Amino acid sequence: MNYRELFAIDAPGLAVPAFGSLKDDDYLAAIRQGMEEKKTALDALAAETAAPTAEILEVWERSGRLLERAEMCFYTLKDSDSNERLDEIDAILAPELSRFSDSIWLDAKLYSRFTALDSAVKNGEVQLSAEQAWLLSEILRGFRRAGVELDAEGRERLGELNARIASLESEFSNKVVAGRVAAAVHIENESELAGLNEEQIAQAREAADRRGWDGWALELVNTTGQPLLDSLDVRATRKRLFEASVMRGREGENDTRPVLLELAKLRDEKAKLLGFEHYAAYVASDGCVKTTEKVMELLGQVAEPSIRAAEREASELRELFAELEPGEEFQAWDWQWTAAKAREASPVPTDEQLAPYLPFEQVLEQGVFAAAGALYGLEFVRREVEGYTEDCRAYEVARDGQVIGLVFFDPYARPTKGGGAWMTQLVMQDELDSELPIVTNNCNLTKPTAGKPALMTWDQVQTLFHEFGHDLHGLLSRVRYPSLSGTNTPTDFVEYPSQVNEIWAWEPTLIARYARHWESGEPLPDEWISALAASKQVGAGYAAAETYSAMLLDQAWHQGAELPDIDGIDAFEKAALQRFKVDYPLVPPRYRTCYFTHIWGHGYAAGYYSYLFSEVLDADTAAWFGENGGLKRENGQVFREKVLSRGNSRDVLESFGDLRGREADAKYLLERRALV
Ligand SMILES: [Zn+2]
């Protein structure tokens, strides 16, 4: 098979990978061929002896073309429509890709070509463009973070640490899932379920059946807060469910405590080996915030106001609770239930009421595309192009009559698809070889039956705008090098453009276009629109307090503090929350230590704050749009020019500074979330 051709390598302009001609095993073969090609090119580069020029940056950027393209296509397909063979291929590739990556980043000879170029630049022998200089600094940073400067002993230890950390992370993830399942609450008497609707009771019944229990089982979700706490009228049941949630992860086979303590210890060792004070500093240095001091300063600005706002909400809820449950003290397990009762009295329309007004295609074309048209002058034309799933629909994207890229939408849920919504980039924009970007947008809408459109919830509309914000970041990129293109930005920046795009879901002129009844064509009633807008800030204090305290907890575990033993974990957590002034038992952290999968199982260790920083940038930018007249082409032009088009071709905070003329200010976020 000619994989370079099938994956549209060396094809300038708009070139779509030939999904229809690729079988599952072709992805495995193409990725392996890609690794070989990259290795051959970089070995040749490492072996050169002549003084390096800027040319080596281009060799570096071109070397991984097939590998990266095939990987992007493979993971896009696997996440949207997996099967046993694709899962097997994933398992086969994981260790191969990890070994391959080490073989590049720990290659001292290869590294020396780039340090030689760096010296030549500093001596004035070689001149680089600003983007080339930034690329070089990013490459050098990558080598150092991987440990290329360590001696043989250090590298060996680092290898051991990486392998052990990876296996502990997956062990933690597995135990958390098993622990969540095991923590379900067993209910023997139906009267204890008062308040649940028929469907919820039937689900609890099925869950009990699966376990071979009599009666009912109340199953848990990942977060501390449990959706069922909204409706359970029996206080004792609420208390049991809440306690099962916060006490997870401490028993028998599912005890996560030894795993997380070892992880905290080994990550600290790794960071120190690489010359950092602690793991939080190692992670921060890879983000745009850059230092732990800045991370803590940022969290400090929002943490206390969020607790104050939660206290204000608590005092209102306490009053209502005193009417509903006279004589009882308002507790953490009463919060959601009382808040739900308060909501019942408000005029916010339900998902069922809203759905007929939100047909997918109308929201997409009259809302999401219309916003991008008004801001960036983009036009979207449906094209018959084979995608990675049967449901994929492609739109060619043009600006001022010129094609700039392509976007695939894969809107519908299927059993073989991951949950939630996400975007991917199949082809990165670059001027090096004149490649145009191809991005994807994946949701989980219920597939419509014949003659009916797919209808959305209000949340799904926000999410569609959000994911399309990532798409715009990819589509509007205008850089020379693919590794700096589009969404290839630091973790604490990457959610910024997508969050900004959510603003337009709330734009009245757009709502009037995209939210119309699919049968009658009637617009959404005005009083619903204002009720929705007003509901944005309801419960904002609770949401902020639980999130920011979890972010601080993440920092506490990764800042090199003396670690407790297994029985001291709760005390460690409590002391950290007190130190950061977010110890508020009515609102426990969104994840407590023993089931905090983001930081112990996934890639957000010491980086859970990233969501906050992106939101600070987003709220500040929303204010900028507001000050300048909102949804109009001039504003889109400036935002595209200064932020979206730049990708990671310079320090991303320089892009923000260019837009605002100053550093980001958290006050806009505090205002928007009604925390002041
Ligand atoms: Zn996102």
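Chemist: For this particular structure, what's the right way to read the overall build of the chain?
Modeler: A tally of helices and strands in the chain yields 27 helices and 7 strands. By the compact-globule yardstick of 26 Å for 676 residues, the chain fits well, its C-alpha radius of gyration being 26 Å. Taking the principal axes of the C-alpha coordinates as reference, the chain spans close to 85 × 65 × 50 Å. Relative to its 676 residues, the chain shows a buried fraction of 42%. Here the contacts in the chain between residues at least 6 apart in sequence split such that 75% fall between residues at least 24 apart.

Chemist: Whenever I open this one, the domain arrangement of the chain confuses me. Can you help?
Modeler: Interface size is commonly expressed as the accessible area that is lost once the parts come together. You can read the domains of the chain as domain 1 (3-149), domain 2 (183-248), domain 3 (257-346 + 539-608) and domain 4 (354-490). One C-alpha centre belongs to domain 1, the other to domain 2, and the line joining them spans 49 Å.

Chemist: Help me understand the environment of Arg660, please; the structure alone is not making it clear to me.
Modeler: With respect to the secondary-structure elements, Arg660 resides in helix H26 (residues 652-660). By the C-beta count within 10 Å, which is 17 here, Arg660 ends up partly exposed. Residues within four places of Arg660 in sequence aside, it is in contact with Asp620 and Trp624.

Chemist: Looking at this model, I keep getting lost on the sheet that holds strand S3 (residues 378-383). Mind explaining?
Modeler: Pairing between sheet strands relies on hydrogen bonds along the backbone, with the strands arranged either parallel or antiparallel. Spatially, S3-S4-S5-S7-S6 is the arrangement adopted by the 5 strands of the open sheet, whose pairing is mixed. Since the sheet does not close on itself, it has two edges, and those belong to S3 and strand S6 (422-427), each with one partner. Strand-to-strand, the axes of this sheet are offset by a mean angle of 25 degrees, without reference to chain direction. The sheet contact formed by strand S5 (residues 402-412) and strand S7 (residues 438-445) spans 6 bridges and is parallel. Bridge pairing in S7 places Phe408 opposite Thr440. Contacts between helix H16 (residues 360-376) and the sheet are confined to S3, strand S4 (393-399), S5 and S7, with S3 contributing the most and set at about 145 degrees to the helix.

Chemist: Explanation requested: unusual backbone geometry in the structure shown.
Modeler: Within the chain, Ser434 stands out as a residue other than glycine whose phi angle is a positive 55 degrees. Position of Ser434 relative to the elements: it lies in the loop between S6 and S7.

Chemist: Which parts of the structure should I look at to understand the packing of helix H24 (residues 610-627) against H26?
Modeler: For any two helices packed against each other, the geometry is given by the interaxial angle and the distance between the axes. Relative to each other, H24 and H26 sit at 25 degrees, their axes nearing to 11 Å. When the axis of H24 is compared with that of H26, the two are roughly parallel. Like other packed secondary-structure pairs, H24 and H26 cross with a definite hand, here left-handed. In contact with Leu617, Asp620, Thr621 and Trp624 of H24, H26 contributes Phe656, Leu659 and Arg660. Of the residues contributing to the contact of H24 with H26, the split by class is 4 nonpolar, 1 polar and 2 charged.

Chemist: Any chance you could explain the packing of H16 against helix H17 (residues 458-475) here in plain terms?
Modeler: Running from amino to carboxyl end, H16 crosses H17 at an angle of 40 degrees, the nearest separation of the two axes being 11 Å. Here H17 runs oblique to H16, going by the angle between their axes. Crossing of H16 over H17 shows right-handed handedness. Of H17, the residues touching H16 (which contributes Val363, Leu364, Val368 and Ala372) are Val461, Leu464, Phe465, Phe468 and Leu472.

Chemist: I'm lost on the environment of Ala271 in this one. Help?
Modeler: Take Ala271: it is sitting in helix H11 (residues 257-273). By C-beta crowding, Ala271 is classed as buried, having 22 other C-beta atoms within 10 Å. Considered as a pair, Ala271 and His558 are 287 residues apart in the sequence and their alpha carbons are 9.9 Å apart. Once you skip the residues sitting within four places of it in the chain, Ala271 turns out to touch Phe276, His278, Tyr279, Ala281 and Tyr282.

Chemist: What am I meant to see in the pairing of S4 here?
Modeler: Each regular strand carries side chains that alternate between the two faces of the sheet. Where S3 meets S4, 6 bridges bridge the pair, whose relative direction is antiparallel. Looking at S4, one finds that Val381 is bridged to Glu396. Following S4, the chain reverses through 2 residues before pairing antiparallel with S5; Asp400 in that reversal takes a positive phi of roughly 50 degrees.

Chemist: What exactly am I supposed to notice about H17 here?
Modeler: Because an α-helix packs 3.6 residues into every turn, residues spaced three or four apart end up facing the same way. Across its 18 residues, H17 extends 25 Å between first and last C-alpha, which sits within 8% of the 26 Å expected from 1.5 Å per residue. The buried fraction of H17 is high, at 16 of 18 residues.

Chemist: Before we go on, may I ask you to explain the environment of Trp60 in this structure?
Modeler: Mapped onto the secondary structure, Trp60 falls in helix H3 (residues 55-63). A tally of 22 C-beta atoms within 10 Å means that Trp60 is categorised as buried. In sequence terms Trp60 and Leu45 are 15 residues apart; their C-alpha atoms lie 8.4 Å from each other.

Quick notes on the rules
Note on numbering: residues in each chain are counted from 1, in written sequence order. In keeping with the model being predicted, local features are shown solely for residues with a pLDDT of at least 70 and side-chain atom pairs are shown and tallied solely at 80 or more, while totals for entire chains, interfaces and linings include all residues. The way it works is that DSSP assigns letters per residue, a run of H or I at least four long becomes a helix, a run of E at least two long becomes a strand, and they are numbered from the N terminus. Radius of gyration: over C-alpha atoms. The globule rule applied is 2.2 Å multiplied by the number of residues raised to the 0.38 power. Using C-beta atoms placed from the backbone, we call a residue buried if 20 or more other C-beta atoms fall within 10 Å of its own, exposed if 12 or fewer do, and partly exposed for counts in between. In this description, any two residues whose backbone-derived C-beta atoms lie within 7 Å of each other are considered to be in contact. Domain delimitation in this document rests on an assignment produced automatically or drawn from a domain database. When DSSP finds at least two bridges between two strands, those strands are taken to pair. The angle between two axes is taken between their N-to-C directions and runs from 0 to 180 degrees, where each axis is a line fitted to C-alpha atoms and a helix contributes only its stretch in contact. Roughly parallel means an angle under 35 degrees; roughly antiparallel, over 145; roughly perpendicular, 65 to 115; everything else is oblique. Take the far helix as the reference: if the near one is turned anticlockwise from it by less than a right angle, the crossing is left-handed, and if turned clockwise, right-handed. Here the term charged refers only to Asp, Glu, Lys and Arg, the term nonpolar to Ala, Val, Leu, Ile, Met, Phe, Trp, Tyr, Cys and Pro, and the term polar to all other amino acids, Gly among them. To estimate how far a helix should reach, multiply one less than its number of residues by 1.5 Å.

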